[in-house]
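Working through the structure, step by step
The residues making up each chain are set out below.
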Amino acid sequence: MRRVLVPRLAELAVVLFGVSVIVFLMIRLIPGDAVAIMLGANTEVTPDRIAALRGRLGLDQPIVVQYAHWAWAALRGDFGTSLWTGRPVLQEILEHLGPTLELTLLALGLGAGLAVPAGCVMARLRGGWVDGAMRVVTVAGLTVPSFWLGIVMILALATLAPALQALGYVPFSADPLGNLGRMVLPAAALALPILASLSRLVRSAMLDALGQDYIRTARAKGLAERVVVYRHALANALIPFVTSVGITTGYLLGGAIVVEQVFAIPGLGQLILGAIAERNYPLLQATILVVTAGFVAVNFVVDLLYLALDPRVRP
Amino acid sequence: MLGFAVALVAVQAGLAVAAPLVAPYDPLAQDILARLQGPGAAHWLGTDQFGRDVLSRILFGCRASLAIAAASVGAALAVGGSLGVLAAFYRGWADRVVMRAMDVLFAFPVMLLAIGVVAVLGPRPGTAAVAIAVVYTPIFARLLRAPALAVCAGEYVEAARAVGARDMRILLRHVAPNLASVALVQTALLLSSAILVEASLSFLGLGTQPPSPSLGLMLAEGRNVLMLSPWSALFAGAAILLLAFGLNLLGDALRDTLDPRLRGPQ
């Protein structure tokens, strides 16, 4: 296991280092004087204030020293304080992380959960005009903009059942039913594209698996068709499925940021857009770093899971 | 399937290019007295909250969407594709450095990286195109490197080298043509997602700025008057869907036609 883990951990370290360098350079790449731009969003720009903020952000030091300070603090969980509220950035991120994470996980559960049976059905129905129709339907599902779907859902709900409250957010701890009731529509809107892409994947992986020799062997030794399909073919078809779930998480996170705006959910999208409007670059920087690190970690775990699931890729 | 996809994309692209000729109204012309109308004889798809013609704004919006998608995916193909092919051709440390850099860019969730780029450069349609190009560069690099490795190991490349062809000539004459089909399929698929990413950015207020006609922006503006007149938001969303759908179907059909090895089991 160590032979597998060590190179992967080294790769992980390189990627995280690169991500941190890019995020670190963000403020420094802003055309013009970033400090004056940041100040200009909220107060009058004076040379004194510029110097003070520059000192506070450490921008008056050599760039390598700046990076070392910043990265070391970030490793200890210190992402600095928000420019305008003065509160720790990490605290603001954690407050907004909950709704986005809930939305992402619900959509992932919904999309991935339904994709397996849908893909199996599609694999069984293959051939002839059904194939063509299925392709058109899945491509349409794949390319429907989630935020538009959300708007259509809100409109439909307002027309059909005006009494139901679809917008806003209540924490799960305060009102579990109200929380889930409001999350169903955004999660469904977000889940449809991944349901389409993952069910296509399951379908082709199932067809691939069903054509293998071991399936013929399983049939030849007289196993029930149900056992052949689900125990032998599906188990193998799920391997590429698991790998793509990792990538899907990143897509969902991005989609969630947009769909949140449609349903007025106070998640990371609200935090990020607010930070851009206020030119609160340290907050934006920290949010991108934390979310990307989380995404990298998810993909790392999925990678390991893939190794555990498929003995063939073990070295 | 390929014929249908080509026809669909051709009609949409034709309408987008010819928008100034076929649009019934000026997309910026306001007619306050005729605002928030539903579909009718004067305005086929209705009007928005300023009385602007929805059909004209959609036609010009498609034009803007396609232009941004084409510019960004083209740039990503040129930069990412070249990096991937050069990495495969020269191998060694160049390969390692380039591909690690691509891994790093690939590590960001797409929307987050695009938002970050827009935040740095300022919200404008041009920056949205840059953002999408940055996001798609590693995808082309990774996607073209693998087949390029196989092509570069081919005997005809060795033969070309043996007769003294320069690297540049080998790359352009012998390597690139063999990668064209992979690149073409991926270009169509990424054009489709670029339409969606651009619409998302504009919807968030980070892409095209008002009053320019943009599909994502129309959705954002239409959402505010959804209960009064949903037409603008509904039609703009349908236009985004149709654009992305056509291009994705085209990529899918091209894949089946160009590369039998990529075809799913029949």
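Starting from 1, residues in each chain are numbered consecutively following that chain's sequence as written. As a convention, the first chain written is A and the first ligand written is 1, with the rest following in written order. Totals for whole chains, interfaces and linings use all residues, but because this is a predicted model, local features are given only for residues with pLDDT of at least 70 and pairs of side-chain atoms are given and counted only at 80 or more. The basis for every side-chain value is the complete set of non-hydrogen atoms in the structure, without hydrogens or water.

**Describing the interface of chain B and chain A**
- Contacts: residue pairs with any heavy atoms within 4.5 Å of one another. Facing the 42 residues of chain B at the interface are 48 residues of chain A.
- Note: buried area is the sum, over both parts, of the accessible area (probe 1.4 Å) each one loses when the two are combined. For the pair chain B and chain A, the summed buried area comes to about 4000 Å², and 81% of that belongs to carbon and sulfur atoms.
- Salt bridge, as used here: a side-chain nitrogen of Lys or Arg that lies within 4 Å of a carboxyl oxygen of Asp or Glu. Across the contact surface, chain B and chain A share 3 salt bridges.
- Looking at the side of chain B that touches chain A, the elements with two or more residues in it are α4 (92-106), α5 (110-121), α8 (167-203), α9 (215-224) and α10 (231-258) of chain B.
- Counting residues per element, the side of chain B that touches chain A draws most heavily on α10(B), at 13 residues. Starting at the N terminus, helices and strands are each numbered in turn, a helix being any DSSP run of H or I of at least four residues and a strand any DSSP run of E of at least two.

**Side note on the domain arrangement of chain A**
Residue and element names in this part refer to chain A.
- Each domain's extent was defined by an automatic or database domain assignment. One can read the domain layout of chain A as domain 1 (2-75) and domain 2 (97-313).
- Taken over C-alpha atoms, the centre of domain 1 sits 33 Å from the centre of domain 2.
- At the interface, 22 residues of domain 1 touch 15 residues of domain 2.
- Three residues stand out in domain 1 for area buried against domain 2, namely R8, V23 and M26, and they jointly supply 28% of the buried area on that side.
- At the boundary of domain 1 and domain 2, one finds 1 salt bridge.
- Across the pair D303 and R8 runs a salt bridge, and its minimum N-O distance is 2.9 Å.

**A look at helix α3 (residues 54-90) of chain B**
- The length a helix should cover is 1.5 Å for every residue beyond the first. Here α3(B) is 37 residues long and its end C-alpha atoms lie 52 Å apart, about the 54 Å a rise of 1.5 Å per residue gives.
- Backbone geometry just after α3(B) places B:R91 at a positive phi near 50°.

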